[in-house]
Amino acid sequence: MRIVLVGPPGAGKGTQAQFIASHLAIPKISTGDIFRYNVSQGTPLGRQAKEYMDRGDLVPDEVTIAMVRDRLGEEDAQDGFLLDGFPRNVPQAETLKKQLMDWDQRLTVVLELVVDEDEVVRRLSGRRTCRRCEHVWHIMFDPPTREGICDACGGELFQRDDDREETVRHRLEVYKKQTAPLVSYYADEGILIGIDATGPVEEVTERALAALRPFAR
Ligand code: AP5
């Protein structure tokens, strides 16, 4: 299956992506994770992306699209993938569609995670991420056993720079203006399904897998 996850910042895309991708045995491709890795390594791509990410703006399309094209061309993505955080605007969606057509492929389904704004702010303000394995925790909703330490690998947990309140508000505005139009774009293509992404993580995963089941080969 070729899946796109869409939803506002903090909707739980990264959290659900890891469970869905592992359940379906397809790679999870997160543009935010790839950018953050490059920032942490100080690569030219990371240096280019950092100023946009720190402000909560989108990284320019030409940079993002080239990066995703390279990743989708890799061997492990040939039989399916789950995209988390891409596409992020209609031009990215158009480019993705053309690229997949060139490869004789098409998206199977776009899964929208529906959550209201207050919940998103609660989720982002308590998010902590593992430096080592990138597992995502929440200090209230999904806390690790030991504060600041990842249960999965023992790594150190950190708060993302772009989870500061002002930046979160700006990211939500960017989402409304640039990314939310994708919902009607994919509805018009007839491949959009939306699920209620509130409630415990496991329940959201169950809803997501149930919604995706009819599309499985
Ligand atoms: P990116 O990393 O994609 O950020 P985002 O879309 O803003 O999404 P988040 O990662 O903030 O949230 P999420 O939906 O994954 O939620 P999560 O699962 O972590 O992008 C970062 C930046 O990179 C962008 O601002 C941009 O600059 C750049 N970028 C990336 N892609 C780009 C593109 N295509 N084009 C241009 N620029 C791009 O969950 C959040 C918290 O809630 C966690 O603590 C989690 O534990 C908790 N939680 C999750 N589910 C639940 C639940 N059901 N109940 C309670 N808590 C929950």
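Read on for an overview of the structure. Keep in mind it's a predicted model, so treat the numbers as computed, not measured. (Residues numbered from 1 in each chain as written. Predicted model: local features only at pLDDT ≥ 70, side-chain atom pairs only at ≥ 80, totals over all residues. Heavy atoms only, no water.)

A separate point is the state of the cysteines. Counted by the stated rule, this structure contains zero disulfides. Unpaired in this structure, C133 has its nearest cysteine sulfur neighbour in C153, at a distance of 3.7 Å. Classification of C133 as partly exposed rests on a relative accessible area of 36%. Of all cysteine sulfurs, the one in C130 lies closest to C153, which takes part in no disulfide; the gap is 3.5 Å. What makes C153 partly exposed here is its relative accessible area of 28%. (Disulfide = S-S within 2.5 Å. Buried < 20%, exposed > 50% of the residue type's maximum accessible area, 1.4 Å probe, protein only.)

What the five strands build is an open sheet, ordered β2-β3-β1-β4-β8; its pairing is parallel. The strands lining the two open edges of the sheet, one partner per strand, are β2 (28–30) and β8 (192–196). The mean angle between the axes of side-by-side strands here comes to 25°, regardless of whether they run parallel or antiparallel. Against the sheet, helix α2 (residues 31–41) touches β2 and β3 (81–84), its axis set at about 60° to β2. (Pairing = 2+ DSSP bridges. Helix = DSSP H or I, 4+ residues; strand = E, 2+ residues; numbered from the N terminus. Axes fitted to C-alpha atoms, helices over the stretch in contact; angles between N-to-C directions. Contact = heavy atoms within 4.5 Å.)

On to the pairing of β3, then. Remember that side chains alternate between the two faces of the sheet whenever the strand is regular. The side-chain alternation of β3 yields two buried faces, one formed by F81 and L83 and the other by L82 and D84. Where strand β1 (residues 2–6) lies against β3, four bridges are found, and the strand directions are parallel. Paired with V4 across the two strands is L83, which belongs to β3. In this structure, β2 lies alongside β3, joined through three bridges in parallel fashion. Across the sheet, the residue bridging to I29 is L83, located in β3.

Glancing now at the site of the ligand. Taken together, 35 residues surround the ligand, and among them T15, T31, D57, R127 and R171 come closest. Between R36 and the ligand, the recorded distance is 2.9 Å, taken from a side-chain N or O atom to an oxygen atom. Within the backbone of D57, a nitrogen or oxygen atom sits 2.6 Å from an oxygen atom of the ligand. Protein contact buries 97% of the 1000 Å² of open area that the ligand shows by itself. Elements with a minimum of two residues in the shell around the ligand: α1 (13–24), α2, α6 (117–125), β6 (136–138) and α9 (201–212). (Near = heavy atom within 4 Å. Polar contact = N/O pair within 3.5 Å; in protein donor to acceptor, adjacent residues only side chain to side chain. Areas by Shrake-Rupley, 256 points an atom, 1.4 Å probe, with all protein chains shown as cover.)

On to the pattern of salt bridges. In total, this model carries 19 salt bridges according to the counting rule given. Its salt-bridge partner being D33, residue R36 comes within 2.9 Å of it at the nearest N-O pair. Taken as a pair, R36 and D33 lie in helix α2 at a separation of three residues, close to a single helical turn. Overall, the relative accessible area of 25% leaves R36 in the partly exposed class. Linking K97 and E189 is a salt bridge whose minimum nitrogen-to-oxygen distance equals 2.9 Å. Of this pair, K97 sits in helix α5 (residues 90–102) while E189 is found in helix α8 (residues 181–189), placing the two residues 92 residues apart along the sequence. On the basis of relative accessible area, K97 is assigned to the partly exposed category, the value being 33%. By sharing partners, the salt bridges in this structure join R127, R160, D162, D163 and R171 into a single network. (Salt bridge = Lys/Arg side-chain N within 4 Å of Asp/Glu carboxyl O.)

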